[in-house]
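Structural characterization, general
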Amino acid sequence: MDHPAGPADLIAADRAQSVPQQETQAYPKPGRIVIASRESRLAMWQAEHVRDRLSSLYPGTTVDILGMTTRGDQILDRPLAKVGGKGLFVKELETALLEGRADLAVHSMKDVPMTLADEFALVATLEREVPQDAFVSSRYASLDELPPGAVVGTSSLRRESQLRANFPYLAVSSLRGNLDTRLRKLDEGQYDAIILAAAGLKRLGLGDRIRSLLPVELSLPAAGQGALGIEALSSRPEVAAWLAPLVCGTSEACVRAERSVSRALAGSCEVPLAAYCVLDGGALWLRARVAMPDGSRIAMAEARGNIAQPDELAAICVEALLADGAQSILDDLAGR
């Protein structure tokens, strides 16, 4: 694992992956827009949401969806951390962009790798849905109600580390598959409870499956959780211009700060890392954690700063995390 980048490297890396606002000037209205998307029900909901927003924005423009199956959708018998991480969910979509079969790709921001190839840019972040983790169970109302030995399913080392730190008497087990598959496994009794992103459940009209939202103090969300991001070729600023009216400035600043922390600390599926930012009293409030998977050690930090300077805020938070022991945790993870 690479050592964490310095603050200057962190800022430069993030800016290199965004299309500068001054480049998103007037371009001809698009005649047709093709959206690349995974074919899971949640991914298609997200793509259809963006399609409908664009269709409303550009009457007369044809907006189509190119559904695709990614490697991340095909490999369901092993944890993501063991088979290549988040990039498994975007590679095929990026190939469609490179080959000209699609103009943009819609992602759950928490599934987007922290570093993109030079050919690609994140050109828009839409308004965020509820970012918290959700407790889902057929028998219990909350984590506190679970008896010792109860089996809790999650696909995330981030969630696992925080669960083990706060509820060491529970059995945490790997849970893969799309959202419907995970719910089916719960309903079949393979798990006593599962932890999912609340945003996905709400978007698919399954909010009634949420027994409780986990407080962020207990389970700090993943970088970008609950936000939709749109990726395009960095050589196509006109796509950024088409999408500019959909951008939520607050969500974009918060997600940018979170991703900058994760990028600086080599955040991936192999590193239990959480980063969560909100606008509080007119300023950004960023909290982050790095942990051992078993929850035995957790480094924590927080910082507040100007909404116009999310990268600088992230750099401050990274320095605080390192001072709290994050480097030691990262070194131990790298040596495994």
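The structure contained in this document is the topic of the report that follows. (Residues numbered from 1 in each chain as written. Predicted model: local features only at pLDDT ≥ 70, side-chain atom pairs only at ≥ 80, totals over all residues. Heavy atoms only, no water.)

**Examining the overall build of the chain**
When you go through the chain residue by residue, the secondary structure sums to twelve helices and 13 strands. Looking at the chain as a whole, 56% of its 336 residues are labelled buried. Just so you have it, the chain exposes about 13,900 Å², and 49% of that area is on carbon and sulfur atoms. (Helix = DSSP H or I, 4+ residues; strand = E, 2+ residues; numbered from the N terminus. Buried < 20%, exposed > 50% of the residue type's maximum accessible area, 1.4 Å probe, protein only. Areas by Shrake-Rupley, 256 points an atom, 1.4 Å probe, with all protein chains shown as cover.)

**Considering the environment of Ser 155**
Along the chain, Ser 155 turns up in the loop between β6 (151–154) and α6 (157–166). Separated by 18 residues in sequence, Ser 155 and Ser 173 place their C-alpha atoms 8.3 Å apart. Excluding anything up to four places from it in sequence, Ser 155 contacts Leu 175, Arg 176 and Arg 182. A polar atom in the side chain of Ser 155 sits 3.1 Å from the side chain of Arg 182. (Contact = heavy atoms within 4.5 Å. Polar contact = N/O pair within 3.5 Å; in protein donor to acceptor, adjacent residues only side chain to side chain.)

**What to know about the sheet that holds strand β13 (residues 298–305)**
Across the sheet, three strands lie side by side as β11-β12-β13; this open sheet has antiparallel pairing. Looking at strand neighbours, the two that pair on one side only are β11 (273–280) and β13, the edges of this open sheet. Taking the axes of each pair of neighbouring strands and ignoring which way they run, one obtains an average angle of 10° across the sheet. Pairing geometry for β11 and strand β12 (residues 283–291), over eight bridges, is antiparallel. For Leu 279, the partnering residue across the bridge sits in β12 and is Leu 284. Where helix α10 (residues 249–264) meets the sheet, it contacts β11 and β12, and its direction lies at approximately 150° from that of β11. Lying on the sheet, helix α12 (residues 326–334) is in contact with β12 and β13; it crosses β12 at an angle near 45°. (Pairing = 2+ DSSP bridges. Axes fitted to C-alpha atoms, helices over the stretch in contact; angles between N-to-C directions.)

**Focus on the pairing of strand β7 (residues 171–174)**
In this structure, β6 lies alongside β7, joined through four bridges in parallel fashion. Residue pairing across strands places Gly 153 opposite Ser 173, the latter belonging to β7. Of the crossover connections in this fold, the one passing from β6 over α6 to the parallel β7 is right-handed. (Right-handed = clockwise from strand over helix to strand, strands pointing away.)

**Side note on the side chain of Glu 94**
With respect to the helices, strands and loops of the structure, Glu 94 is situated in helix α5 (residues 91–98). There is no salt bridge for the buried Glu 94, and the closest opposite charge comes from Lys 91, which lies 8.5 Å off by N-O distance. If we ignore the near neighbours within four places in the chain, the residues touching Glu 94 are Leu 116, Phe 120 and Glu 231. (Lys, Arg positive; Asp, Glu negative; His and termini not counted. Salt bridge = Lys/Arg side-chain N within 4 Å of Asp/Glu carboxyl O.)

**Considering helix α2 (residues 41–57)**
The end-to-end C-alpha distance of α2, which contains 17 residues, comes to 24 Å, matching closely the 24 Å that a straight helix rising 1.5 Å per residue would cover. Where α2 is concerned, the buried positions are Leu 42, Ala 43, Gln 46, Ala 47, Val 50 and Leu 54. Looking straight down α2, one finds that the buried residues subtend no more than 140° of arc, so they occupy a single side. The elements touched by buried residues of α2 are β1 (32–38), β2 (62–68), β3 (104–108), α8 (198–203), β10 (228–233) and α9 (237–243). (Expected span 1.5 Å × (residues − 1). Arc of directions from axis to C-beta.)

**Here's the deal with the sheet that holds strand β8 (residues 193–197)**
The five strands lie next to each other as β7-β6-β8-β5-β9, forming an open sheet whose pairing is mixed. One side of each edge strand has no neighbouring strand; the edge strands of this open sheet are β7 and β9 (212–213). As judged from the two bridges shared by strand β5 (residues 133–136) and β9, these two strands associate in the antiparallel manner. Residue pairing across strands places Ala 134 opposite Leu 213, the latter belonging to β9. Docked against the sheet, α6 engages β5, β6, β7 and β8, running at close to 130° with respect to β8. Helix α7 (residues 179–187) contacts β5 and β8 of the sheet and is inclined by roughly 165° relative to β8.

**Comments concerning the packing of α10 against helix α11 (residues 310–323)**
Here α10 crosses α11 at 40°, and the two axes come no closer than 8 Å. In this view, α10 runs oblique relative to α11, as classed from their interaxial angle. Handedness of the α10/α11 crossing: right-handed. Packed against α10, whose contacting residues are Ala 253, Arg 256, Ala 257, Ser 260, Val 261 and Ala 264, the element α11 presents Pro 310, Asp 311, Ala 314, Cys 317, Val 318 and Leu 321 at the interface. (Parallel < 35°, antiparallel > 145°, perpendicular 65-115°, else oblique. Left-handed = near helix turned anticlockwise from the far one by under 90°.)

**Let's talk about α6**
What α6 keeps buried is the set Arg 158, Arg 159, Glu 160, Ser 161, Gln 162 and Leu 163. Elements that come into contact with the buried residues of α6 comprise β5, β6, β7, β8, β11 and β12. Between the side-chain oxygen of the N-cap and the backbone nitrogen of Arg 158 there are 3.1 Å, and the N-cap of α6 in question is Ser 156.

**Quick word on the nonpolar core**
In this structure, Val 261, Leu 265, Leu 286, Val 290, Cys 317 and Leu 321 are the most contacted members of the largest nonpolar core, which totals 29 residues. Those elements that place two or more of their residues in this core are α10, β11, β12, β13, α11 and α12. Dropping the residues within four chain positions of it, Val 290 is found in contact with Leu 265, Val 271, Pro 272, Leu 273, Arg 297, Ile 298, Ala 299, Leu 321, Ala 326, Ile 329 and Leu 330. If you look at the next biggest cluster of nonpolar residues, it comprises 21 residues, including Leu 104, Val 239, Ala 240 and Leu 246. (Core = buried A, V, L, I, M, F, W, Y, C linked by side-chain atoms within 4.5 Å.)

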